[in-house]
Amino acid sequence: KALHTLATSSARMYRPVVAILVGASVLQHASCFAPSSAPAIHSKASILSSSCSPRAGGRGTAAAPRMAAGDRVTLAGGLEVSKVGIGAWSWGDSLFWGYDKGMEEDAYLAYKTTREAGINLIDTAEVYGGVGSDWGLSEKLCGKFDKRFQEEEKREGAVIASKFAVIPTRFTRESVVKAVKQSNERLGVSCMDLYQLHWPGFFVDAALWDGLADAADMGLVKSVGVSNYSAKRMREAHKALAARGVPLATNQVQYSLLHRNIEKNGVKEACEDLGVGILAYSPLAQGVLTGRYSASNLPKGPRANIMKGRFDQLDPLLDGLREIGEAHGDKSRSQVALNWLTSKGSIPIPGARNAAQASENAGAMGWELTGEEVMRLDELSLKLEPFPGMPLAAM
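Residues numbered from 1 in each chain as written. Predicted model: local features only at pLDDT ≥ 70, side-chain atom pairs only at ≥ 80, totals over all residues. Heavy atoms only, no water.

### So, the overall build of the protein
And step 1. Looking only at helices and strands, one finds 13 helices and eleven strands in the protein.
And step 2. Classification of the 395 residues of the protein by burial places 56% in the buried group.
And step 3. Sequence-distant contacts in the protein: of pairs separated by 6 or more residues, those separated by 24 or more amount to 80%.
And step 4. Element-wise, carbon and sulfur atoms account for 54% of the exposed surface of the protein, whose accessible area totals about 16100 Å². (Helix = DSSP H or I, 4+ residues; strand = E, 2+ residues; numbered from the N terminus. Buried < 20%, exposed > 50% of the residue type's maximum accessible area, 1.4 Å probe, protein only. Contact = heavy atoms within 4.5 Å. Areas by Shrake-Rupley, 256 points an atom, 1.4 Å probe, with all protein chains shown as cover.)

Written out as structure tokens, the structure reads:
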């Protein structure tokens, strides 16, 4: 019964993603899938990012991610990112997050606040937005925000990561190269900082890994990663890329106090063994760990179905987060939950729909939980039913 409940919850949670994939596939076959010739936010002449030169010789493999000055982590391959990043799924996504055009300025202020707080890692994906003309909308917004921030604030650009959607008709290495070129155009750059496979391709994995390496060789990306990869599949990807002289920088997986599967299924151990950075998505369990919601105050949209019936058992953990936060100068539950993830060696990428949320995320940096506090949260969270996870990540 418990397994059935968990499977049902997962299906509900990821139904919007499945809808996007099916819709995208249909549109792709109908030849009306967001053509690369469609107007981008920036013209090619206005590309701002420093380009990557085509790769000459192997890059070799790097040691495990290490901390650098100013709350920074250096990933395999040399990319330096902030200890906490930001996920841009809500910027442009109307299906799950209810985004509309009127929210653009709030989203920009979230971006601006994020950057001013010292966070430089922005994670997006071509699938964030929807199908048809909305395909890649989050990427376009990220590019637009980054350009505006550089021009108005006279600051350097962000480290922007995006992801390749493995869908029908895009199972070849050439598909990856074509897609990254389109993503770069939407972002307004000639070379992306980090390009990831959004989920496994299963029987076409090897071709997609070659596509990542090809993109690196062509100077289209600086670093490559995967997402929702099991330990076995990640080790295979790491080996295949290493044979091409391309380090595997990251594996982006679901990880939070309410979803600790990677500690049990070998993914975290494999990342540590191979020197692959862990990008933790849904680090606040879709907002459950913020303390903003309750049984009588559920969020709108699909998240309400996921959270329904969970709050009674969450009280001890939420109380623990509050008490620990008070001991560190009134840190919020969110900040404690994110700091717990950084203490585990991962890089959480929470979302932010406005400046206040972005500021709260940034408050997770600059301090550390004690060993005893980490153990207390470990114990409290292990008593709870795991938050639903992406089904593909278990394969």
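There's plenty left to go through after this.
### With respect to unusual backbone geometry
And step 1. Non-glycine residue K154 carries a positive phi angle of around 55°.
And step 2. Its place among the elements puts K154 in the loop between helix 4 (137-153) and strand 6 (159-164).
And step 3. Although it is not a glycine, Q286 sits at a positive phi angle of roughly 60°.
And step 4. Q286 gets classed as buried once you look at its relative accessible area, which sits at 7%.

### Digging into the sheet that holds strand 9 (residues 248-254)
Backbone hydrogen bonds hold the strands of a sheet together, and the pairing may be parallel or antiparallel.
And step 1. Spatially, the eight strands line up as an open sheet ordered 4-5-6-7-8-9-10-11, and their pairing is parallel. The open sheet has two free edges, formed respectively by strand 4 (86-87) and strand 11 (347-348), since each of these has just one partner strand.
And step 2. Bridging between strand 7 (residues 192-197) and strand 8 (residues 221-227) involves five bridges; their strand directions are parallel. Bridging from a neighbouring strand, L197 pairs with V226 of strand 8. (Pairing = 2+ DSSP bridges.)

### Some details on helix 11 (residues 333-343)
One full turn of an α-helix is made of 3.6 residues, so residues set three or four places apart face in the same direction.
And step 1. In terms of residue burial, helix 11 counts as a mostly covered element, since nine of its eleven residues are buried.
And step 2. What helix 11 keeps buried is the set S334, Q335, V336, A337, L338, N339, W340, L341 and T342.
And step 3. The inward-facing, buried residues of helix 11 contact strand 10 (277-281), helix 10 (311-327), strand 11, helix 12 (355-362) and helix 13 (371-382).
And step 4. Among the residues trailing helix 11, G345 stands out with phi positive, at a value near 85°.

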